[in-house]
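# Summary of structural features
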Amino acid sequence: MGEECKEAGAGGRHAEEGLVVDPADSSKLYEDVPPMPLMALNHISRLCKSVDASVRFYVKALGFVLIHRPPALDFSGAWLFNYGVGIHLVQRDDARKAPDVNPGELDPMDNHISFQCEDMGMMERRLREMRIRYMKRTINEEEGSPIDQLFFKDPDGFMIEICNCENLELVPTGALGRLRLPRDRHNPPVRMVDHGDGDGE
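The structure reproduced in this document is the subject of the present report. On a predicted model such as this, the values are computed, not experimentally measured, just so you know.

Basis of the calculations
Residue positions are given per chain, counted from 1 along the sequence in the order it is written. Thresholds applied to this predicted model are a pLDDT of at least 70 for local features of residues and 80 or more for the giving and counting of side-chain atom pairs; totals over whole chains, interfaces and linings are not thresholded and use all residues. Side-chain numbers here rest on the full set of heavy atoms in the structure, without hydrogens or water. Comment: elements are numbered from the N terminus, with helices defined as DSSP H or I runs of at least four residues and strands as E runs of at least two. What makes two residues a contact is simply this: any of their non-hydrogen atoms within 4.5 Å. For every accessible area listed, the method is Shrake-Rupley and the probe measures 1.4 Å; residues are considered covered only by the protein chains on display. Strands are treated as partners if at least two bridges between them are detected by DSSP. All axes here are fitted lines through C-alpha atoms, helices being fitted over the stretch that makes contact, and every angle between N-to-C directions spans 0 to 180 degrees. Relative accessibility decides the category of a residue: with a 1.4 Å probe and only protein chains considered, values under 20% of the type maximum give buried, values over 50% give exposed, and everything between is partly exposed. Throughout, the arc means the angular range of directions from the helix axis out to the C-beta atoms. In protein, a polar contact means a hydrogen-donor-capable atom and an acceptor-capable atom, both N or O and within 3.5 Å, with residues adjacent in sequence counting only if both atoms are side-chain atoms; elsewhere, any N or O pair within 3.5 Å suffices. The method works on a 1 Å grid over the protein atoms by themselves. A cavity is a set of points holding a 1.4 Å probe that cannot get out, a pocket is an open set with protein on both sides within 12 Å along at least five of seven lines, and residues with an atom within 4 Å of a point line them. Grid points are joined across faces, edges and corners, and a volume is the space filled by probe spheres set on the points. Residue polarity follows a fixed list, in which Ala, Val, Leu, Ile, Met, Phe, Trp, Tyr, Cys and Pro are nonpolar, Asp, Glu, Lys and Arg are charged, and the others, Gly among them, are polar. Any Lys or Arg side-chain nitrogen located within 4 Å of an Asp or Glu carboxyl oxygen qualifies as a salt bridge.

## What to know about the overall build of the protein
- Helix and strand counts for the protein come out as 3 helices and 9 strands.
- In sequence order, the secondary structure elements of the protein are arranged as β-α-β-α-β-β-β-β-α-β-β-β.
- Considering only residue pairs separated by 6 or more positions, the protein has 61% of its internal contacts joining residues 24 or more positions apart.
- Summing over all exposed atoms, the protein offers an accessible surface of approximately 14300 Å²; the carbon and sulfur share of this is 52%.

Okay, structure coming up:
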């Protein structure tokens, strides 16, 4: 079941180790970087103990849609897509070993992917319905732009965050002209035709 955890300290690991790059000197980072032709995140890929279990998790808990894979991919796996991003699942075997993950403790500082959410209450209710253990916290309250976060793990122990991060304004450090914000064309083309193998409109 869900469990609520106290908010972590605002400083965290960065406060202990110090910033790697001083924002005041960040312009030096871009001196030899040409404009890049990237548009958006296309997909993430996960090695799974059970592709079937992971498909059910991402469909039932997060609303992803199963997508046909190219026939050239002759290994066990599955493709999912929604919200402008894909999740590619690959069956783990002796030749494909997943990196070590922490299957137990929920640590917001651990590696994770994050989904922006417009109804945090609905997502928390869904996690409770599915009996998925999660951590809940709110940060940035002192600055007047509170961010609610939910952290939980998929069947293989990979951590996922759900947040209303649109409450936080992103402030570039001297590189505003380099930002490329996604438009409609950043999505891969989606065939919006029902072939009788799923829900269509």
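Having put the structure on the table, let's press on.
## Here we look at the sheet that holds strand E3 (residues 65-67)
- The strand order E2-E5-E4-E3 describes an open sheet built from 4 strands, whose pairing is mixed. Single-partner strands in this sheet number two, and they are strand E2 (43-48) and E3. Taking each pair of neighbouring strands and ignoring which way they run, the sheet shows an average axis angle of 30 degrees.
- The pairing of strand E4 (residues 77-82) with strand E5 (residues 85-91) spans 6 bridges and is classified as antiparallel. Directly across from phenylalanine 81, in E5, lies its bridge partner glycine 86.
- Contacts between helix H2 (residues 51-62) and the sheet are confined to E2, E3, E4 and E5, with E5 contributing the most and set at about 160 degrees to the helix.

## Examining helix H3 (residues 120-129)
- Here H3 has its buried residues at Met120, Met123, Glu124 and Leu127. Seen along its axis, H3 keeps its buried residues to an arc of 100 degrees; they face one direction.
- Buried positions along H3 lie against H2, strand E7 (134-139), strand E8 (147-153) and strand E9 (159-163).
- Its side-chain oxygen placed 3.3 Å from the backbone nitrogen of glycine 121, aspartate 119 serves as the N-cap of H3.
- Immediately beyond the C-terminal end of H3, within one or two residues, lies arginine 131, with a positive phi of roughly 55 degrees.

## Some points on the pairing of E2
- Burial along E2 is one-sided: the residues Ile44, Arg46 and Cys48 are buried and none of His43, Ser45 and Leu47 is.
- As judged from the 6 bridges shared by E2 and E5, these two strands associate in the parallel manner. Bridge pairing in E5 places serine 45 opposite histidine 88.

## Comments concerning the layout of surface pockets
- Looking at the second largest pocket, its volume works out to about 670 Å³.
- Around the second largest pocket, the lining is made up of 25 residues, and of these Tyr83, Val85, Ser114, Phe115 and Gln116 lie nearest the centre.
- For the lining of the second largest pocket, the element with the most residues is strand E6 (residues 112-116), which contributes 4 residues.
- Per-class residue counts for the lining of the second largest pocket are 17 nonpolar, 6 polar and 2 charged.

## Section: the side chain of glutamine 149
- Mapped onto the elements, glutamine 149 comes out in strand E8.
- A polar side-chain atom of glutamine 149 sits 2.9 Å from a polar atom in the side chain of glutamate 161.

## Thoughts on the pattern of salt bridges
- Enumeration according to the criterion identifies 4 salt bridges in this entry.
- Between arginine 128 and glutamate 124 there is a salt bridge, and its shortest N-O distance comes to 3.7 Å. You can see arginine 128 and its partner glutamate 124 sitting in helix H3, 4 residues apart, about one turn around the helix.
- Among the salt bridges present, the one from glutamate 124 reaches lysine 136, with a minimum N-O distance of 3.1 Å. Taken as a pair, glutamate 124 in helix H3 and lysine 136 in strand E7 lie far apart in primary sequence, 12 residues in all.
- Assessed through its relative accessible area of 13%, glutamate 124 is described here as buried.
- Residue classification places lysine 136 among the partly exposed positions, given a relative accessible area of 28%.
- It is possible to trace a salt-bridge network through shared partners that takes in Glu124, Arg128 and Lys136.

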